Amino acid sequence: MDKLKNLKILYVEDDELIRENTSEILGRKCDNVVTAKNGLEGLDLYKEIEPDIIITDIQMPKMDGLTMIKKIRENDIDTKIIITTAYSDQKYLLEAVELQLIKYVSKPLTWNKISDALKVSLKFIKENDSVTKYIDDDFTYNSFTKTLYKNDKEVILSNHEKQLLELLVKNRNNLVQYEAIENFIWADIGMSKDAIKSLTKGLRKKLPDGALQNIYGLGYKLNVREDV
């Protein structure tokens, strides 16, 4: 579990006593633990710190855990998410089935329960989150530095092209809808579909032929090698 020290964990819980106790438990093994008291605050912190693992309660004021997760999953299928549940939360769990969660942990929380969930998360991170993504034999993407390479030479991208490619790589081989692109790149000001098309046109010229696919009327998909 030493690898936990290098990972960022976001813990979201509205009960102050539970939040303090659990964050203390997590802090014994994890150097980077950030807490939030509701889903709205959790969503803001998620955007700020880009955590590797999120542990969240379901029923919270201002924004519940499921709503927060749904908003995160609009743009991000990679971040590992663990839900903490009380008996009264059972009716909400069916709604969470399609949110690609790692594990459900029942309350009251103990280190053994949390540890088991974190071990599963680490396994998925190790298996699926290699830093280097192979778009094809010539093009690679470094997800840590967010840099695109062609035959080991950096491909120069604009800031918006970097953001778009980051989003597409996170959702590789899956559709990314126009709205998700707009929210990820122009969250505060919004942008037209024409602007999105112009941005993708410029990025497509810097990628291998056929890598960036337009799904008419819906959005875009980045096709990558199956072994990435």
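Up top is the structure these notes are about.
Note that the structure is predicted; figures quoted are calculated from it, not measured.

Enquirer: Describe the environment of Leu 165, naming the residues involved and giving the relevant values.
Expert: For Leu 165, the location among the structural elements is in helix α6 (residues 159-170). With 39 residues separating them in the primary sequence, Leu 165 and Arg 204 have C-alpha atoms 9.9 Å apart. When near neighbours in sequence (up to four residues on either side) are disregarded, Leu 165 contacts Tyr 141, Leu 148, Leu 157, Leu 203, Leu 207 and Leu 222.

Enquirer: Describe in detail the nonpolar core, supporting the description with residues and values.
Expert: With 26 residues, the main nonpolar core has Leu 148, Leu 165 and Leu 207 as its most contacted residues. Per-element accounting of this core gives the leading share, 5 residues, to α6. Residues in contact with Leu 148, not counting those within four places in the same chain, are Ile 135, Phe 139, Thr 140, Tyr 141, Lys 153, Glu 154, Val 155, Leu 157, Leu 165, Lys 206 and Leu 207. Grouped together as the second largest cluster of nonpolar side chains are 18 residues, Leu 10, Val 12, Ile 58 and Ile 83 included.

Enquirer: Talk me through the packing of helix α7 (residues 178-185) against helix α8 (residues 193-204); I want residue IDs and the actual numbers.
Expert: It is the contact of α7 with α8, at a shortest axis distance of 11 Å, that shows an interaxial angle of 85°. Comparing the axis directions of α7 and α8 gives the class roughly perpendicular. Residues Tyr 178, Ile 181, Glu 182 and Ile 185 of α7 form the contact with α8, whose participating residues are Lys 193, Ile 196 and Leu 199. By residue class, the composition of the contact of α7 with α8 is 5 nonpolar, no polar and 2 charged.

Enquirer: Pulling in residues and values, what's your account of the environment of Thr 200?
Expert: For Thr 200, the position within the fold is in helix α8. Note: C-alpha distance between Thr 200 and Gln 213 (13 residues apart in sequence) is 9.6 Å. For Thr 200, the residues in contact, after removing those within four places along its chain, are Leu 164, Leu 212 and Tyr 220. Engagement of the side chain of Thr 200 in a polar contact is seen with the side chain of Tyr 220, the distance being 3.2 Å.

Enquirer: Would you mind going over the side chain of Ser 23 in detail, with residue names and values included?
Expert: Topologically, Ser 23 is positioned in helix α1 (residues 16-27). A polar contact is formed between the side chain of Ser 23 and the backbone oxygen of Arg 19, at a distance of 2.9 Å. A polar side-chain atom of Ser 23 sits 3.0 Å from the main-chain carbonyl oxygen of Glu 20. Contacts of Ser 23, omitting those with residues within four sequence positions, involve Tyr 11 and Thr 35.

About the cut-offs
Residues numbered from 1 in each chain as written. Predicted model: local features only at pLDDT ≥ 70, side-chain atom pairs only at ≥ 80, totals over all residues. Heavy atoms only, no water. Helix = DSSP H or I, 4+ residues; strand = E, 2+ residues; numbered from the N terminus. Contact = heavy atoms within 4.5 Å. Core = buried A, V, L, I, M, F, W, Y, C linked by side-chain atoms within 4.5 Å. Buried < 20%, exposed > 50% of the residue type's maximum accessible area, 1.4 Å probe, protein only. Axes fitted to C-alpha atoms, helices over the stretch in contact; angles between N-to-C directions. Parallel < 35°, antiparallel > 145°, perpendicular 65-115°, else oblique. Nonpolar A, V, L, I, M, F, W, Y, C, P; charged D, E, K, R; others polar. Polar contact = N/O pair within 3.5 Å; in protein donor to acceptor, adjacent residues only side chain to side chain.

Distances and angles like these do not, on their own, reveal function.
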